[in-house]
Amino acid sequence: MGLDMSLMKYPRIDGVTIKEMDLATRYVRWRGKIDFGRFLLKPDVALKLLPYIHIGYDAWDDGEMYPYITIPDEYAYWRKANAIHKWFVDNICGGVDDCELSRAITREEIVDLHERCKTILGTTNKEAWAKLLPTLPGFFFGSTEYDDRYLEDIRHTLIICESILKDFDFDKYSLHYEASW
């Protein structure tokens, strides 16, 4: 148990919502097929999704040992990085901390998070850290101290942001924040 956080990469498909992609992914994982009779998607939507169903791996699964059927891919993963979670809740989720929600992220928002991480890593002033990316207490959310663990989360986030800013195609894909605890 604990705070698990991901950035999910969804293909942009005309006429198909993220909710429909998630629904199709869940159904195919459970049933191994798309069954139009009981499935909640319209046949034309399901047909649009078929080319996007593929084998995926979690971002932490470097050895690709745990495959699963999916439409979106996990682009990045954090564990108990509560300061980063708080930033997403405050800036992406409108202050609503709900693990059932998936929120789209823009390039500009990633630039903001990137700049905050760079600033924190460029100073030893813990008061500045607390203003830029404050920690968030919570049930199994990890430490709220401004220590080496906090800085490791910031470094990890900076690397993720740099990867997104360098390689992510926001025209072809949509990036979504999801968390569970």
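Our subject is the structure listed above.
For the structure given in this document, a descriptive report is provided here.

Conventions adopted
- Starting from 1, residues in each chain are numbered consecutively following that chain's sequence as written.
- Local features in a predicted model are, by the rule used here, given only for residues with pLDDT of at least 70; side-chain atom pairs are given and counted only at 80 or more, and totals for whole chains, interfaces and linings are based on all residues.
- The side-chain values count all of the structure's non-hydrogen atoms but skip hydrogen atoms and water molecules.
- Numbering of helices and strands runs from the N terminus; a helix is a DSSP stretch of H or I covering at least four residues, while a strand is a stretch of E covering at least two.
- Atoms counted for the radius of gyration: C-alpha only. Globule rule: 2.2 Å times residue count to the power 0.38.
- Buried means the residue's accessible area, taken with a 1.4 Å probe over protein chains only, is under 20% of the maximum for its type, while exposed means over 50%, and partly exposed covers the values in between.
- Throughout, a residue-residue contact means that at least one pair of heavy atoms, one from each residue, lies within 4.5 Å.
- Throughout, the Shrake-Rupley method with a 1.4 Å probe supplies accessible areas, and for residues the shown protein chains are the sole cover considered.
- Counting rule applied: Lys, Arg positive; Asp, Glu negative; His and chain ends not counted.
- Throughout, a charge is located at the NZ atom of Lys, the CZ atom of Arg, the CG atom of Asp or the CD atom of Glu.
- Here, a salt bridge means any Lys or Arg side-chain nitrogen found within 4 Å of an Asp or Glu carboxyl oxygen.
- For the purposes of this section, nonpolar cores are sets of buried Ala, Val, Leu, Ile, Met, Phe, Trp, Tyr and Cys residues that join through side-chain atoms within 4.5 Å.
- For two strands to count as paired, DSSP must find a minimum of two bridges between them.
- An expected span of 1.5 Å times one less than the residue number is assigned to each helix.
- Pairs of N or O atoms within 3.5 Å make up the polar contacts considered here, provided that, within protein, one atom can donate a hydrogen while the other can accept it, and that residues adjacent in sequence are counted only when both atoms are side-chain atoms.
- Helix axes are fitted only over the stretch in contact, all axes being lines through C-alpha atoms; the angle between N-to-C directions runs from 0 to 180 degrees.

A closer look at the overall build of the protein chain
And then number 1: Scanning the protein chain from N- to C-terminus turns up six helices and six strands.
And then number 2: In sequence order, the protein chain lays out its α and β elements as β-α-α-β-β-β-α-β-α-α-α-β.
And then number 3: Relative to the compact-globule value of 16 Å for 181 residues, the protein chain shows a C-alpha radius of gyration of 18 Å, a close match.
And then number 4: Reported as C-alpha extents along the three principal axes, the dimensions of the protein chain are approximately 60 × 35 × 35 Å.
And then number 5: Taking all 181 residues of the protein chain together, 39% fall into the buried category.
And then number 6: Summarising the internal contacts of the protein chain: among those between residues at least 6 apart in sequence, 67% fall at separations of at least 24.
And then number 7: A total accessible area of about 10200 Å² is found for the protein chain, and carbon and sulfur atoms account for 52% of it.
And then number 8: Taken as two groups, the 23 positive and 31 negative side-chain charges of the protein chain have centres that lie 3 Å from each other.

Some points on the pattern of salt bridges
And then number 1: Scanning the entire structure with this criterion turns up six salt bridges.
And then number 2: For the salt bridge of Asp90 with Lys86, the shortest nitrogen-to-oxygen distance reads 2.8 Å. With Asp90 and Lys86 both in helix H3 (residues 82–91) and four residues apart, the pair spans about one turn of that helix.
And then number 3: In this structure, the salt-bridge partner of Glu152 is Arg155, at a minimum N-O distance of 3.4 Å. With a gap of three residues between them, Glu152 and Arg155 both fall in helix H6 (residues 148–167), about one helical turn apart.

What to know about the nonpolar core
And then number 1: Grouped together as the largest cluster of nonpolar side chains are 35 residues, with contacts concentrated most on Leu7, Trp78, Phe88, Leu133 and Tyr150.
And then number 2: Breaking this core down by element, the ones donating at least two residues are strand S1 (4–11), strand S4 (73–79), H3, helix H4 (107–121), H6 and strand S6 (173–180).
And then number 3: If you tally residues by element for this core, the top one is H6, at eight residues.
And then number 4: With sequence-adjacent residues up to four places away left out, Tyr150 is seen in contact with Ala83, Ile120, Trp129, Leu133, Thr135 and Glu145.
And then number 5: With 10 residues, the next largest nonpolar core counts Tyr10, Ile13, Leu49 and Ile71 among its residues.

Comments concerning the pairing of S6
And then number 1: With eight bridges connecting them, S1 and S6 associate as antiparallel partners. In the strand pairing of S6, Lys9 is matched with Leu175.

Concerning H6
And then number 1: Relative to the 28 Å expected for 20 residues at 1.5 Å per residue, H6 spans 28 Å between its end C-alpha atoms, a close match to the ideal helical length.
And then number 2: Taken as a whole, H6 has its buried residues at Tyr150, Leu151, Asp153, Ile154, Thr157, Leu158, Ile160, Cys161, Ile164 and Leu165.
And then number 3: Against S1, S4, H3, H4, helix H5 (126–132) and S6 lie the buried residues of H6.
And then number 4: At the N-terminal boundary of H6, the capping side chain belongs to Asp147, with an oxygen 3.2 Å from the backbone nitrogen of Arg149.

A look at H3
And then number 1: Counting buried positions along H3 yields seven of 10 residues, so the element is predominantly enclosed.
And then number 2: Within the sequence span of H3, burial applies to Asn82, Ala83, Ile84, His85, Trp87, Phe88 and Val89.

Examining the sheet that holds S1
Whenever strands of a sheet pair, they do so through backbone hydrogen bonds, lying parallel or antiparallel.
And then number 1: In spatial order, the strands read S4-S1-S6-S5; together these four strands make up an open sheet with antiparallel pairing. In the strand order of this sheet, the two ends are held by S4 and strand S5 (103–105), each with one partner. The average angle at which neighbouring strand axes cross in this sheet is 30°, direction not considered.

Digging into unusual backbone geometry
And then number 1: Its identity is not glycine, yet Glu64 carries a phi of approximately 50°, on the positive side.
And then number 2: Along the chain, Glu64 falls in the loop between strand S2 (54–56) and strand S3 (68–70).
And then number 3: Of note, Lys80 is a non-glycine position whose phi angle comes to about 55°, a positive value.
And then number 4: Looking at the secondary structure, you find Lys80 in the loop between S4 and H3.
And then number 5: Of the residues examined, Lys80 reaches a relative accessible area of 24% and is grouped as partly exposed.

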